[in-house]
Amino acid sequence: MQMTSAPHLLAEDGPEYERILGDALRHAHERPDLEGVGDRLNTEQLRTMALSATALITAAAATEYEHYVKARGELRRAATAEGADGTPVPDGPQSTAAGSGAGIGAVITVLTPLLAGSAAVIFLLVGYLLKAVGPSVTFGGSLVAAGWFFAAVAAAAILVAAVGLLVTALRNGATSLAAENEEQELPEDVARAREAWRHALLERGILPFLRDALADPTAGPAARTPHRSPNRIPKVGYSRPDFSGPDDGPAAGPRPTFTSPDFTSPDFGGPEHQPD
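All figures in this text were calculated on a predicted structure; none of them were measured in a lab.

*Asks:* Would you mind showing me how to read the packing of helix 2 (residues 43–52) against helix 7 (residues 188–215) here?
*Replies:* Each pair of packed helices can be summarised by the angle the axes make with each other and by the distance between the axes. Interaxial distance between helix 2 and helix 7 falls to 11 Å at its minimum, and their mutual angle equals 120°. Here helix 2 lies oblique to helix 7, going by the angle between them. At the point where helix 2 passes helix 7, the crossing takes the right-handed sense. In this structure, helix 2 uses L46, M49 and A50 to contact helix 7, whose residues at the interface are F209, L210, A213 and L214. For the contact of helix 2 with helix 7, the per-class residue count stands at seven nonpolar, no polar and no charged.

*Asks:* Looking at this model, I keep getting lost on the confidence of the model for the chain. Mind explaining?
*Replies:* Any segment with low pLDDT has predicted coordinates that should not be analysed in fine detail. Of the residues in the chain, 63% reach a pLDDT of 70 or more, and the chain-wide mean stands at 74. Considering only residues more than four positions removed or in separate chains, one finds that residues 220–241, a stretch of pLDDT under 50, has 34 contacts.

*Asks:* How should I be thinking about the packing of aromatic side chains in this particular structure?
*Replies:* Aromatic rings in a pair are described by how distant their centres are and how their planes are angled relative to each other. The tally for this structure, following the rule as stated, stands at four aromatic pairs. Taking the centre distance of 5.1 Å and the plane angle of 45° together, the rings of Y65 and W197 count as tilted. Of this pair, Y65 sits in helix 4 (residues 62–81) while W197 sits in helix 7, placing them 132 residues apart in sequence. By the burial criterion, Y65 is buried, and W197 matches it. Joined through ring pairs, the aromatic side chains of Y65, Y68 and W197 make up one cluster.

*Asks:* Which parts of the structure should I look at to understand the packing of helix 4 against helix 7?
*Replies:* Viewed as axis vectors pointing N to C, helix 4 and helix 7 meet at an angle of 155°, and their least axial separation amounts to 8 Å. On the basis of their axis angle, the class for helix 4 and helix 7 is roughly antiparallel. Handedness of the crossing formed by helix 4 with helix 7: left-handed. Here E64, Y65, H67, Y68, A71, R72 and L75 of helix 4 lie close against helix 7, whose contacting residues are V190, A193, R194, A196, W197, A200 and R204. When grouped by side-chain class, the residues that make up the contact of helix 4 with helix 7 number nine nonpolar, one polar and four charged.

*Asks:* When you look at the nonpolar core in this model, what are you seeing that I'm missing?
*Replies:* For soluble globular proteins, the rule of thumb is that nonpolar side chains tend to be buried together. Formed by 30 residues in total, the largest nonpolar core has its most connected members in L46, I57, L201, I206, F209 and L210. Broken down by secondary-structure element, the contributors of at least two residues to this core are helix 1 (14–26), helix 2, helix 4 and helix 7. When residues of this core are assigned to their parent elements, the largest contribution, 11 residues, is made by helix 7. Not counting residues up to four positions away in its chain, the partners in contact with I57 are Y17, A50, L201, G205, I206 and F209.

Thresholds, definitions, all that
Each chain has its residues counted from 1, running along the sequence as written. At least 70 in pLDDT is required for a residue's local features to be given in this predicted model, at least 80 for side-chain atom pairs to be given and counted, and no such filter applies to totals for whole chains, interfaces and linings, which use all residues. Values reported for side chains reflect all heavy atoms of the structure, with hydrogen atoms and water molecules removed beforehand. Fitted lines through C-alpha atoms serve as axes, helices being fitted only where they are in contact, and the angles separating the N-to-C directions of these axes extend from 0 to 180 degrees. A helix here means a DSSP run of H or I that spans at least four residues, while a strand means a run of E at least two residues long, and both kinds are numbered starting from the N terminus. The labels follow the angle: roughly parallel below 35 degrees, roughly antiparallel above 145, roughly perpendicular from 65 to 115, and oblique for the rest. In this scheme, a crossing is called left-handed if the near helix is turned counterclockwise away from the far one by less than a right angle; it is called right-handed if the turn is clockwise. Working rule for contacts: check all heavy atoms of both residues, and any pair within 4.5 Å makes them a contact. Three classes are used: nonpolar for Ala, Val, Leu, Ile, Met, Phe, Trp, Tyr, Cys and Pro, charged for Asp, Glu, Lys and Arg, and polar for all others, with Gly counted as polar. The quantity known as pLDDT measures the predictor's confidence residue by residue, on a range of 0 to 100. For Phe, Tyr and Trp, rings pair up if their centres lie within 6.5 Å, where Trp contributes its six-membered ring, and each pair is then called stacked (planes under 30 degrees apart), edge-to-face (over 60) or tilted (otherwise). Exposed residues in this analysis have more than 50% of their type's maximum accessible area, buried residues have under 20%, and partly exposed residues fall in between, with area computed by a 1.4 Å probe over protein chains only. We call a set of buried residues a nonpolar core when its members are Ala, Val, Leu, Ile, Met, Phe, Trp, Tyr or Cys and they connect through side-chain atoms within 4.5 Å of each other.

Now the structure itself:
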C-alpha cells in the first residue's frame, strides 16, 4: 500500500484519535497553556472543533503515522501468510460457506419462534372455538393438541435463541480481550511506531490546535463555528467590500446647483394701480 506524505486517518484508528483527544481534554486543567478551558470554550465545544478538523490535526503527525501504518501492515501480512502452526490461513470457498451457514442459522433462529408462535395461536384459537361450538367434534381437539405442540416448539426456539445470544456475547468478549492482548503484545518495532505516532499527534497536532482555539479572540461569541481561528482552525469567510469615499475616486465634474425660486408678492397698491 502506497502512502502519501499526509495520509488520511484510517477508520480503525479513529477511536484511538478520539481517545487521545479525550485524554488531552480531561487533563487540560493540569496544563498551564490550556488554562482557558471553560472560560470561552468548554471541553465539548473543543472536542467538536477538533473532530471537525481531524484531517488538519492528524497531518501534523503524518510522518509518524505513515511509519506506523506501514509497520502494522507488514505485521498483518506476515500473520496472514502463515498461521500459528505454520500452515497458510484458509481463505476461499470454505470460509465463504461457513459464513453462509452462519447466516442461514441466524435466519432460522429468528424465524422459528415467530412462525411456531403464530401457528400455536391460530391452532389453539380455532381448536377451542370448535370445541365450544360442537363438543362432539373431534377435529377441535386435534387442533388444540397441534396448537400446544407449536407453542412448545416456540418456547424451545426462544430458549435456543437466548443461549445463542449468550454464547455470541461471551465469544465477542473473548475476542475483544484477545485483540487487546494482541495489541499489548505487539512486536517492538510496531509498538514503538505506534507510540511515536501517539506522541506526535498529541504534541504537534492536538495540543497546538487547542491552544490556538483558546487563544482566538473571536472564538468566544461563536464557539460553535470552529473555522474562525487565524492559524490552525479552518477558516472560511467573506470580507466586506471596500467602499471608498468620493475623494478617492476620479475628479468629479461640476455638479448642477439649484436655487430656490424667487417668489414676490403681487404689487397691489389700490384701485388706481392696476396690475400689469
